[in-house]
Amino acid sequence: MARIALVTGGSRGIGAAISKNLKDAGYTVAATYAGNDEAAAKFTEETGIATYKWNVGDYDSSKAGIEQVEADLGPIDIVVANAGITRDAPFHKMTPQQWHDVIDTNLTGVFNTVHPIWPGMRERGFGRIVVISSINGQKGQFAQVNYAATKAGDLGIVKSLAQEGAAKGITANAICPGYIATEMVMAVPEKVRDSIIAQIPTGRLGEPEEIARCVRFLVSDDAAFVNGSTISANGGQFFV
Ligand code: CAA
(Lines give C-alpha, C1' and ligand atoms only; values in the text may rest on other atoms or scores of the structure.)
Protein backbone atom coordinates (compact mmCIF):
# COMPACT_ATOMS: atom_id res chain seq x y z
CA MET A 1 0.00 0.00 0.00
CA ALA A 2 1.19 3.51 -0.78
CA ARG A 3 2.77 5.38 2.09
CA ILE A 4 0.84 8.34 3.48
CA ALA A 5 2.45 11.78 3.51
CA LEU A 6 1.25 14.89 5.32
CA VAL A 7 2.48 18.24 3.99
CA THR A 8 1.62 21.27 6.12
CA GLY A 9 1.06 24.44 4.14
CA GLY A 10 0.85 22.03 1.27
CA SER A 11 -1.53 23.78 -1.10
CA ARG A 12 0.56 26.83 -1.99
CA GLY A 13 4.17 27.84 -2.71
CA ILE A 14 6.92 25.35 -1.92
CA GLY A 15 4.38 23.15 -0.11
CA ALA A 16 2.24 22.74 -3.23
CA ALA A 17 5.28 21.66 -5.25
CA ILE A 18 6.15 19.13 -2.52
CA SER A 19 2.59 17.74 -2.39
CA LYS A 20 2.49 17.29 -6.17
CA ASN A 21 5.94 15.76 -6.36
CA LEU A 22 5.16 13.20 -3.65
CA LYS A 23 1.86 12.33 -5.31
CA ASP A 24 3.71 11.80 -8.62
CA ALA A 25 6.13 9.53 -6.75
CA GLY A 26 3.22 7.31 -5.70
CA TYR A 27 2.54 8.51 -2.16
CA THR A 28 -0.94 9.26 -0.87
CA VAL A 29 -0.75 12.92 0.10
CA ALA A 30 -2.75 15.11 2.48
CA ALA A 31 -2.01 18.84 2.33
CA THR A 32 -2.96 21.24 5.10
CA TYR A 33 -3.74 24.92 4.79
CA ALA A 34 -4.54 27.65 7.28
CA GLY A 35 -7.02 30.02 5.72
CA ASN A 36 -7.28 30.32 1.96
CA ASP A 37 -10.28 28.05 1.19
CA GLU A 38 -10.45 29.15 -2.43
CA ALA A 39 -6.79 28.30 -3.16
CA ALA A 40 -7.15 24.96 -1.38
CA ALA A 41 -10.31 23.99 -3.29
CA LYS A 42 -8.64 24.92 -6.57
CA PHE A 43 -5.57 22.91 -5.62
CA THR A 44 -7.64 19.81 -4.79
CA GLU A 45 -9.60 20.17 -8.02
CA GLU A 46 -6.45 20.45 -10.12
CA THR A 47 -4.37 17.80 -8.40
CA GLY A 48 -6.75 15.38 -6.69
CA ILE A 49 -4.77 15.92 -3.47
CA ALA A 50 -6.94 16.07 -0.34
CA THR A 51 -6.69 19.32 1.63
CA TYR A 52 -7.41 19.82 5.33
CA LYS A 53 -7.79 23.12 7.17
CA TRP A 54 -6.27 23.75 10.57
CA ASN A 55 -3.96 26.13 12.37
CA VAL A 56 -0.63 24.38 12.93
CA GLY A 57 0.04 26.83 15.76
CA ASP A 58 -2.72 25.27 17.85
CA TYR A 59 -1.98 21.86 19.37
CA ASP A 60 -5.57 20.66 19.78
CA SER A 61 -6.52 21.64 16.23
CA SER A 62 -3.43 19.89 14.86
CA LYS A 63 -4.14 16.73 16.83
CA ALA A 64 -7.78 16.65 15.75
CA GLY A 65 -6.86 17.36 12.13
CA ILE A 66 -4.24 14.62 12.10
CA GLU A 67 -6.74 12.15 13.57
CA GLN A 68 -9.11 13.04 10.72
CA VAL A 69 -6.40 12.51 8.08
CA GLU A 70 -5.50 9.14 9.59
CA ALA A 71 -9.17 8.11 9.74
CA ASP A 72 -9.58 9.04 6.06
CA LEU A 73 -6.30 7.83 4.59
CA GLY A 74 -4.48 5.64 7.13
CA PRO A 75 -1.47 6.08 9.42
CA ILE A 76 0.87 8.90 8.42
CA ASP A 77 4.36 7.66 7.48
CA ILE A 78 5.86 10.91 6.22
CA VAL A 79 5.59 14.41 7.65
CA VAL A 80 6.78 17.45 5.75
CA ALA A 81 6.55 20.37 8.18
CA ASN A 82 6.51 23.18 5.68
CA ALA A 83 3.90 25.68 6.93
CA GLY A 84 5.55 29.02 7.57
CA ILE A 85 4.85 32.74 7.67
CA THR A 86 6.84 35.96 7.73
CA ARG A 87 6.10 39.11 9.73
CA ASP A 88 9.21 41.08 8.76
CA ALA A 89 10.15 44.28 10.58
CA PRO A 90 13.38 45.84 11.77
CA PHE A 91 13.85 44.77 15.38
CA HIS A 92 13.17 48.23 16.80
CA LYS A 93 9.75 48.11 15.14
CA MET A 94 8.93 44.42 15.69
CA THR A 95 5.89 43.97 17.92
CA PRO A 96 5.38 41.16 20.43
CA GLN A 97 2.46 40.07 18.24
CA GLN A 98 4.76 39.73 15.19
CA TRP A 99 7.18 37.73 17.32
CA HIS A 100 4.51 35.36 18.68
CA ASP A 101 2.71 34.84 15.36
CA VAL A 102 5.90 33.62 13.71
CA ILE A 103 7.01 31.52 16.71
CA ASP A 104 3.57 29.87 16.89
CA THR A 105 3.43 28.89 13.23
CA ASN A 106 7.03 28.20 12.27
CA LEU A 107 8.40 26.67 15.47
CA THR A 108 5.57 25.49 17.74
CA GLY A 109 3.81 24.42 14.54
CA VAL A 110 6.51 21.83 13.94
CA PHE A 111 6.08 20.44 17.46
CA ASN A 112 2.30 20.40 17.02
CA THR A 113 2.56 18.56 13.71
CA VAL A 114 5.13 15.92 14.58
CA HIS A 115 4.17 15.22 18.20
CA PRO A 116 0.75 13.59 17.56
CA ILE A 117 2.18 11.43 14.74
CA TRP A 118 5.40 10.37 16.48
CA PRO A 119 4.01 7.57 18.73
CA GLY A 120 2.48 5.77 15.72
CA MET A 121 5.75 6.02 13.79
CA ARG A 122 7.61 4.54 16.76
CA GLU A 123 5.14 1.66 17.02
CA ARG A 124 5.30 0.88 13.30
CA GLY A 125 9.09 1.24 13.14
CA PHE A 126 9.09 3.64 10.22
CA GLY A 127 8.91 7.38 9.75
CA ARG A 128 10.26 10.23 7.68
CA ILE A 129 10.25 13.78 9.04
CA VAL A 130 11.36 16.66 6.83
CA VAL A 131 11.28 20.18 8.21
CA ILE A 132 11.49 23.10 5.80
CA SER A 133 13.82 25.56 7.52
CA SER A 134 15.49 28.45 5.67
CA ILE A 135 18.80 29.99 4.67
CA ASN A 136 17.81 32.77 7.06
CA GLY A 137 17.83 30.34 9.98
CA GLN A 138 21.46 29.63 9.08
CA LYS A 139 22.70 33.16 8.47
CA GLY A 140 20.14 35.50 10.09
CA GLN A 141 18.43 38.24 8.11
CA PHE A 142 17.77 41.96 8.48
CA ALA A 143 14.15 42.43 9.63
CA GLN A 144 13.72 38.74 10.50
CA VAL A 145 14.68 38.30 14.14
CA ASN A 146 11.45 36.34 14.63
CA TYR A 147 11.66 34.26 11.45
CA ALA A 148 15.40 33.50 11.75
CA ALA A 149 14.91 32.40 15.36
CA THR A 150 12.23 29.90 14.33
CA LYS A 151 14.16 28.55 11.37
CA ALA A 152 17.30 28.07 13.48
CA GLY A 153 15.10 26.42 16.12
CA ASP A 154 13.71 24.06 13.49
CA LEU A 155 17.25 22.76 12.93
CA GLY A 156 17.54 22.01 16.65
CA ILE A 157 14.27 20.08 16.54
CA VAL A 158 15.48 17.99 13.59
CA LYS A 159 18.86 17.17 15.12
CA SER A 160 17.20 16.06 18.36
CA LEU A 161 14.44 14.04 16.68
CA ALA A 162 17.07 12.34 14.52
CA GLN A 163 18.72 10.96 17.65
CA GLU A 164 15.45 9.92 19.28
CA GLY A 165 13.96 8.28 16.20
CA ALA A 166 16.97 6.47 14.74
CA ALA A 167 16.48 3.22 16.68
CA LYS A 168 12.83 3.13 15.59
CA GLY A 169 13.40 3.51 11.84
CA ILE A 170 12.51 7.19 11.85
CA THR A 171 14.70 9.83 10.20
CA ALA A 172 14.43 13.59 10.64
CA ASN A 173 16.11 15.99 8.26
CA ALA A 174 15.90 19.65 7.33
CA ILE A 175 16.03 21.54 4.09
CA CYS A 176 17.17 25.15 4.10
CA PRO A 177 15.82 26.73 0.94
CA GLY A 178 17.39 29.95 -0.18
CA TYR A 179 15.27 32.54 -1.94
CA ILE A 180 12.63 30.68 -3.96
CA ALA A 181 10.17 32.24 -6.43
CA THR A 182 7.06 32.12 -4.23
CA GLU A 183 4.52 34.69 -3.04
CA MET A 184 6.54 35.05 0.19
CA VAL A 185 9.65 36.21 -1.64
CA MET A 186 7.66 38.22 -4.19
CA ALA A 187 6.22 40.19 -1.24
CA VAL A 188 9.71 41.57 -0.50
CA PRO A 189 10.07 45.10 -1.95
CA GLU A 190 11.42 44.86 -5.50
CA LYS A 191 14.55 46.88 -4.76
CA VAL A 192 15.43 44.64 -1.82
CA ARG A 193 14.64 41.51 -3.85
CA ASP A 194 16.93 42.63 -6.68
CA SER A 195 19.75 43.16 -4.19
CA ILE A 196 19.15 39.66 -2.81
CA ILE A 197 19.23 38.07 -6.28
CA ALA A 198 22.54 39.85 -6.88
CA GLN A 199 23.95 37.87 -3.92
CA ILE A 200 22.96 34.47 -5.39
CA PRO A 201 25.88 33.02 -7.41
CA THR A 202 23.46 31.01 -9.58
CA GLY A 203 22.00 34.37 -10.61
CA ARG A 204 18.33 33.56 -10.09
CA LEU A 205 15.70 32.65 -7.53
CA GLY A 206 15.14 28.94 -6.93
CA GLU A 207 12.06 27.12 -8.15
CA PRO A 208 9.68 25.39 -5.68
CA GLU A 209 10.23 22.11 -7.55
CA GLU A 210 13.94 22.29 -6.73
CA ILE A 211 13.01 22.01 -3.04
CA ALA A 212 10.39 19.33 -3.72
CA ARG A 213 13.01 17.11 -5.35
CA CYS A 214 15.14 17.31 -2.18
CA VAL A 215 12.13 16.24 -0.12
CA ARG A 216 11.42 13.35 -2.46
CA PHE A 217 14.91 12.00 -1.82
CA LEU A 218 14.81 12.46 1.96
CA VAL A 219 11.49 10.62 2.39
CA SER A 220 12.52 7.69 0.21
CA ASP A 221 13.68 4.29 1.47
CA ASP A 222 17.02 5.09 -0.21
CA ALA A 223 17.63 7.86 2.36
CA ALA A 224 17.46 5.60 5.45
CA PHE A 225 21.05 6.46 6.44
CA VAL A 226 20.56 10.21 6.02
CA ASN A 227 19.45 11.39 9.45
CA GLY A 228 19.78 14.71 11.24
CA SER A 229 21.18 16.40 8.16
CA THR A 230 20.50 19.76 6.58
CA ILE A 231 20.34 20.17 2.82
CA SER A 232 21.09 23.75 1.78
CA ALA A 233 19.40 24.51 -1.54
CA ASN A 234 20.23 28.15 -2.11
CA GLY A 235 22.09 28.61 -5.40
CA GLY A 236 25.40 28.97 -3.56
CA GLN A 237 24.29 32.03 -1.56
CA PHE A 238 25.49 30.68 1.79
CA PHE A 239 27.66 27.79 2.92
CA VAL A 240 27.55 26.34 6.44
N1 CAA B 1 20.03 44.98 4.78
C2 CAA B 1 20.34 46.20 5.21
N3 CAA B 1 19.45 47.21 5.26
C4 CAA B 1 18.19 46.94 4.87
C5 CAA B 1 17.81 45.67 4.42
C6 CAA B 1 18.80 44.69 4.38
N7 CAA B 1 18.52 43.46 3.93
N8 CAA B 1 16.50 45.71 4.11
C9 CAA B 1 16.09 46.97 4.36
N10 CAA B 1 17.12 47.71 4.80
C11 CAA B 1 17.12 49.11 5.17
C12 CAA B 1 16.52 49.99 4.10
O13 CAA B 1 17.47 50.30 3.12
C14 CAA B 1 16.13 51.22 4.91
O15 CAA B 1 17.25 51.99 5.18
P16 CAA B 1 17.14 53.59 5.29
O17 CAA B 1 16.22 53.87 6.42
O18 CAA B 1 18.55 54.03 5.53
O19 CAA B 1 16.57 54.02 3.97
C20 CAA B 1 15.69 50.58 6.18
O21 CAA B 1 16.28 49.30 6.29
C22 CAA B 1 14.21 50.35 6.16
O23 CAA B 1 13.82 50.91 7.28
P24 CAA B 1 12.30 51.21 7.51
O25 CAA B 1 12.18 51.69 8.89
O26 CAA B 1 11.73 52.03 6.40
O27 CAA B 1 11.73 49.74 7.39
P28 CAA B 1 10.26 49.27 7.27
O29 CAA B 1 9.63 49.31 8.60
O30 CAA B 1 9.57 49.96 6.15
O31 CAA B 1 10.52 47.76 6.89
C32 CAA B 1 11.32 45.94 5.57
C33 CAA B 1 10.96 47.42 5.61
C34 CAA B 1 10.20 45.10 6.15
C35 CAA B 1 12.57 45.70 6.36
C36 CAA B 1 11.53 45.62 4.10
O37 CAA B 1 12.66 46.34 3.64
C38 CAA B 1 11.73 44.16 3.81
O39 CAA B 1 10.77 43.42 3.70
N40 CAA B 1 12.99 43.72 3.68
C41 CAA B 1 13.29 42.37 3.28
C42 CAA B 1 13.45 41.44 4.46
C43 CAA B 1 13.74 40.06 3.90
O44 CAA B 1 14.70 39.84 3.21
N45 CAA B 1 12.87 39.09 4.20
C46 CAA B 1 12.98 37.79 3.66
C47 CAA B 1 11.63 37.38 3.15
S48 CAA B 1 11.68 35.90 2.15
C49 CAA B 1 11.77 34.67 3.26
O50 CAA B 1 11.77 34.84 4.42
C51 CAA B 1 11.86 33.28 2.69
C52 CAA B 1 13.11 32.62 3.07
O53 CAA B 1 13.10 31.73 3.93
C54 CAA B 1 14.35 32.94 2.38
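The sections below set out a description of the structure shown in this document.

Analysis parameters
- Residues numbered from 1 in each chain as written.
- Predicted model: local features only at pLDDT ≥ 70, side-chain atom pairs only at ≥ 80, totals over all residues.
- Heavy atoms only, no water.
- Near = heavy atom within 4 Å.
- Polar contact = N/O pair within 3.5 Å; in protein donor to acceptor, adjacent residues only side chain to side chain.
- Areas by Shrake-Rupley, 256 points an atom, 1.4 Å probe, with all protein chains shown as cover.
- Helix = DSSP H or I, 4+ residues; strand = E, 2+ residues; numbered from the N terminus.
- Salt bridge = Lys/Arg side-chain N within 4 Å of Asp/Glu carboxyl O.
- Buried < 20%, exposed > 50% of the residue type's maximum accessible area, 1.4 Å probe, protein only.
- Core = buried A, V, L, I, M, F, W, Y, C linked by side-chain atoms within 4.5 Å.
- Contact = heavy atoms within 4.5 Å.

Moving on, we get to the site of the ligand. In the region of the ligand, 20 residues are neighbours, and Asp-88, Lys-93, Ser-134, Gln-144 and Tyr-147 sit closest. Contact distances for the ligand include 2.6 Å between an oxygen atom and a side-chain N or O atom of Ser-134. Interatomic distance of 3.1 Å between a side-chain N/O atom of Gln-141 and an oxygen atom of the ligand. In isolation the ligand offers 1,000 Å² of accessible surface; the protein chains occlude 58% of this area. Looking at the shell around the ligand, the elements with two or more residues in it are helix H6 (135–139), helix H8 (183–186) and helix H9 (190–197).

Any two side chains of opposite charge can pair, on the condition that their charged atoms come close. Counting across every chain of the model gives six salt bridges. Here Glu-183 ties to Arg-12 by a salt bridge, and the two come within 3.0 Å at their closest N and O atoms. One end of the pair, Glu-183, is in helix H8; the other, Arg-12, is in the loop between strand E1 (4–7) and helix H1 (13–24), with 171 residues separating them in the sequence. With a relative accessible area of 40%, Arg-12 lands in the partly exposed category. With a closest N to O distance of 3.4 Å, Glu-46 and Lys-42 form a salt bridge. On the criterion of helical spacing, the pair formed by Glu-46 and Lys-42 is a turn pair, its members being four residues apart in helix H2 (residues 37–47).

Where a protein is soluble and globular, its nonpolar side chains tend to be buried together. Counting 27 residues, the largest nonpolar core has Leu-6, Ile-76 and Ile-129 as the members making the most contacts within it. For this core, the elements supplying multiple residues, two or more each, are E1, helix H3 (59–73), strand E4 (78–81), helix H4 (96–114), helix H5 (118–124), strand E5 (127–132), helix H7 (145–165) and strand E6 (170–177). With residues up to four places along the chain from it excluded, the contact list for Ile-129 reads Val-79, Val-114, Trp-118, Met-121, Ile-170, Thr-171, Ala-172 and Asn-173. Core analysis: the next-biggest nonpolar cluster, separate from the first, contains 25 residues, Leu-22, Tyr-27, Ile-49 and Leu-218 among them.

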